[in-house]
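Residue-level structural notes
Here is how the chains run, residue by residue.
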Amino acid sequence: MGRLTERTPVTRIAFMDDGVATRRRADTVVVEEPLEVRVGGEPLVVTMRTPGHDLELAAGFLTGEGVIASGADVRSAIHCGGPGSTPVGAPQSENTYNVLDIALAPGREIPARDAARAFYTTSSCGVCGAASIEQITKVSRFDLAADESRASARWLASLPDALRRGQALFEKTGGLHAAALFDIATGELLVLREDVGRHNAVDKVIGWALLADRLPLSGTVLQVSGRASFELVQKAIMAGIPVLAAVSAPSSLAVELASSMHLTLVGFSRGTSLNVYAHPERLTVEE
């Protein structure tokens with residue numbers, strides 16, 4: 001695994017009642033590096049990510065695309081060197097852990113190279129290159145309407161604080177998104193992942209669950225640190241997660257997709273209040 005943070009010099013300017021103070025000091029920033037995911041040796045996607053949990057990231061991405069649905073669908077994975085994966089002047093054999101090659105189990109098809117979806121993402125957009133909404137809307141193998149889980153609204157509003165307490169890298173850098181999975185029945189935090197990209201953090205969480213053969217993720221809540229976008233709703237649906245909660249706002253397409261697929265969508269979850277945008281019947285409200 002590559003480095004997660006690095007130190008960089010900054011000029012700090014502070015405005016005070018009696019004037020302005022300027023000083024030079026070192027600061028910690030989060031590392032952002034490209035990861036090229038290959039399937040069977042063929043390049044599939046490049047994403048900018050925080051190094052670490054790369055197999056989970058790739059597995060979660062492939063789950064969201066409908067390529068795989070269980071840990072058995074992944075036969076093997078290896079970090080390897082390749083064009084563009086080594087620094088200029090470095091030997092090509094040097095492994096920078098920025099290329100991951102996945103071998104799928106027999107019977108699992110590799111996405112067609114001429115598909116309309118161009119598998120290129122950035123740390124801020126999980127669906128860049130999509131030709132149309134119809135081409136990125138997948139048919140989930142899991143029926144969220146059949147999930148009869150009920151979550152306490154008060155407990156749900158407390159999850160952003162639990163998420164924040166678990167963000168070790170955010171404490172150092174202030175520059176990371178996070179996603180965490182909670183068990184509705186027990187309230188247990190199952191897994192938490194941080195990444196420079198919010199959709200990467202979600203992919204790492206879902207990839208963890210897939211590799212542990214925990215799909216579908218019935219009876220769970222996916223709590224995210226940012227907004228609830230269309231692609232995050234899609235990823236939750238593809239993993240069988242019945243509740244997605246965000247500390248910020250959802251988009252109109254996120255609400256539309258959640259409503260149609262029986263996903264409970266929560267936004268502006270801030271500890272003392274929350275907004276339910278789709279399927280509030282899953283939440284219980286205590287006086």
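Residues numbered from 1 in each chain as written. Predicted model: local features only at pLDDT ≥ 70, side-chain atom pairs only at ≥ 80, totals over all residues. Heavy atoms only, no water.

1. Things to note about the nonpolar core
Side chains of nonpolar character tend, in soluble globular proteins, to be buried together. Rule in force here: In these notes, a set of buried Ala, Val, Leu, Ile, Met, Phe, Trp, Tyr and Cys residues joined through side-chain atoms within 4.5 Å is what counts as a nonpolar core. Three exposure classes are used, based on accessible area relative to the maximum for each residue type with a 1.4 Å probe and protein chains only: buried under 20%, partly exposed in between, and exposed over 50%. Note on conventions: DSSP H or I runs of at least 4 residues are helices, E runs of at least 2 residues are strands, and numbering of each starts at the N terminus. Contacts were defined at the residue level, with two residues in contact if any of their heavy atoms lie within 4.5 Å.
Among the nonpolar cores identified, the biggest contains 49 residues, and L181, L222 and V233 are the most heavily contacted of them. When residues of this core are assigned to their parent elements, the largest contribution, seven residues, is made by helix 5 (residues 198-211). Contact partners of L222, with chain neighbours within four places excluded, come to A179, A180, L181, V202, V205, A236, I241, V243, L244 and A245.

2. Quick word on helix 7 (residues 252-260)
The cut-off we apply is this: What the arc covers is the set of directions going from the helix axis to the C-beta atoms.
Among all positions in helix 7, only A254, L257 and A258 are buried. In an axial view of helix 7, the angular spread of the buried residues amounts to 100 degrees, which keeps them on one side of the axis. Exposed residues pointing more than 90 degrees away from the buried face of helix 7 are listed as S252 and E256. Elements that come into contact with the buried residues of helix 7 comprise helix 6 (230-238), strand 12 (264-267) and strand 13 (275-278).

3. Quick look at the side chain of D73
Using the following cut-off: Two N or O atoms count as a polar contact when they lie within 3.5 Å, although within protein this holds only if one can serve as hydrogen donor and the other as acceptor, and sequence-adjacent residues are included solely when both atoms are side-chain atoms.
Structurally, the position occupied by D73 is in the loop between helix 1 (54-64) and strand 5 (74-79). Judged by its relative accessible area of 9%, D73 falls in the buried class. Side-chain polar atoms of D73 contact the side chain of R108, separated by 3.1 Å.

4. Focus on helix 3 (residues 153-165)
Spelled out, the test is: To get the bend at any residue, fit one axis to the seven residues that end at it and another to the seven that begin at it, then take the angle between the two axes.
The sharpest bend along helix 3 measures roughly 30 degrees and falls at L159, with the proline P160 sitting one to four residues further on. Where helix 3 starts, the residue carrying a side-chain oxygen 3.3 Å from the main-chain nitrogen of R154 turns out to be S152.

5. Section: the environment of G64
Tracing the backbone through its elements, the reader meets G64 in helix 1. Residues G64 and A239 lie 175 residues apart in sequence; the distance between their C-alpha atoms is 7.3 Å.

6. Examining unusual backbone geometry
That bond from L215 to P216 is cis: its omega, 0 degrees, falls within 30 degrees of zero. Note on placement: P216 falls in the loop between helix 5 and strand 10 (220-224). Phi is positive for H53, which is not a glycine, with a value near 55 degrees. Within the secondary structure layout, H53 lies in the loop between strand 4 (42-49) and helix 1. Take H53: its relative accessible area is 40%, and that puts it in the partly exposed class. In the Ramachandran plot, D213 falls in the positive-phi region, its phi being about 55 degrees despite a non-glycine side chain. On the secondary structure map, D213 appears in the loop between helix 5 and strand 10. Classification of D213 by relative accessible area gives exposed; the value is 55%.

7. Here's the deal with the packing of helix 6 against helix 7
The test is simple: Axes here mean lines fitted to C-alpha atoms, for a helix over just the part in contact, with angles spanning 0 to 180 degrees between N-to-C directions. Throughout, the term roughly parallel applies to angles under 35 degrees, roughly antiparallel to angles over 145, roughly perpendicular to angles from 65 to 115, and oblique to all others. Basically, the charged four are Asp, Glu, Lys and Arg, the nonpolar ten are Ala, Val, Leu, Ile, Met, Phe, Trp, Tyr, Cys and Pro, and anything else, Gly included, counts as polar.
At their nearest, the axes of helix 6 and helix 7 sit 8 Å apart, and the two run at 20 degrees to each other. Classified by the angle between their axes, helix 6 and helix 7 sit roughly parallel to one another. Seen from helix 6, the contacting residues are F230, V233, Q234 and I237; seen from helix 7, they are L253, A254, L257 and A258. When the residues that make up the contact of helix 6 with helix 7 are grouped by side-chain class, the tally is seven nonpolar, one polar and no charged.

8. Examining the pairing of strand 11 (residues 243-246)
Put simply, the test is: Following DSSP output, two strands are said to pair if at least two bridges run between them. Consider the strands pointing away from the viewer: the crossover is right-handed when the path from the first strand over the helix to the second runs clockwise.
Here strand 11 shows a buried face lined by V243 and A245 and a second buried face lined by L244 and A246. Across four bridges, the pairing between strand 10 and strand 11 is parallel. Each bridged residue has a counterpart across the sheet, and for Q223 the counterpart in strand 11 is A245. For the handedness criterion, the β-α-β arrangement of strand 10, helix 6 and strand 11 is classed as right-handed.

9. Topic: the sheet that holds strand 3 (residues 33-39)
Taking strand neighbours across the sheet as the criterion, the four strands line up as 4-3-6-5 in an open arrangement whose pairing is mixed. Edge positions in the sheet fall to strand 4 and strand 5, since each of these pairs with one other strand and no more. The mean angle between the axes of side-by-side strands here comes to 20 degrees, regardless of whether they run parallel or antiparallel. Here helix 1 sits on the sheet and contacts strand 3, strand 4, strand 5 and strand 6 (99-104); the angle it forms with strand 6, its principal contact strand, is near 55 degrees.

10. Brief notes about the side chain of S229
Take S229: it is sitting in the loop between strand 10 and helix 6. Residue classification places S229 among the buried residues on the basis of a relative accessible area of 2%. Within polar-contact distance, the side chain of S229 engages the side chain of E231 at 3.2 Å. Those residues in contact with S229, other than ones at most four positions away along the chain, are R198, S251 and A254.

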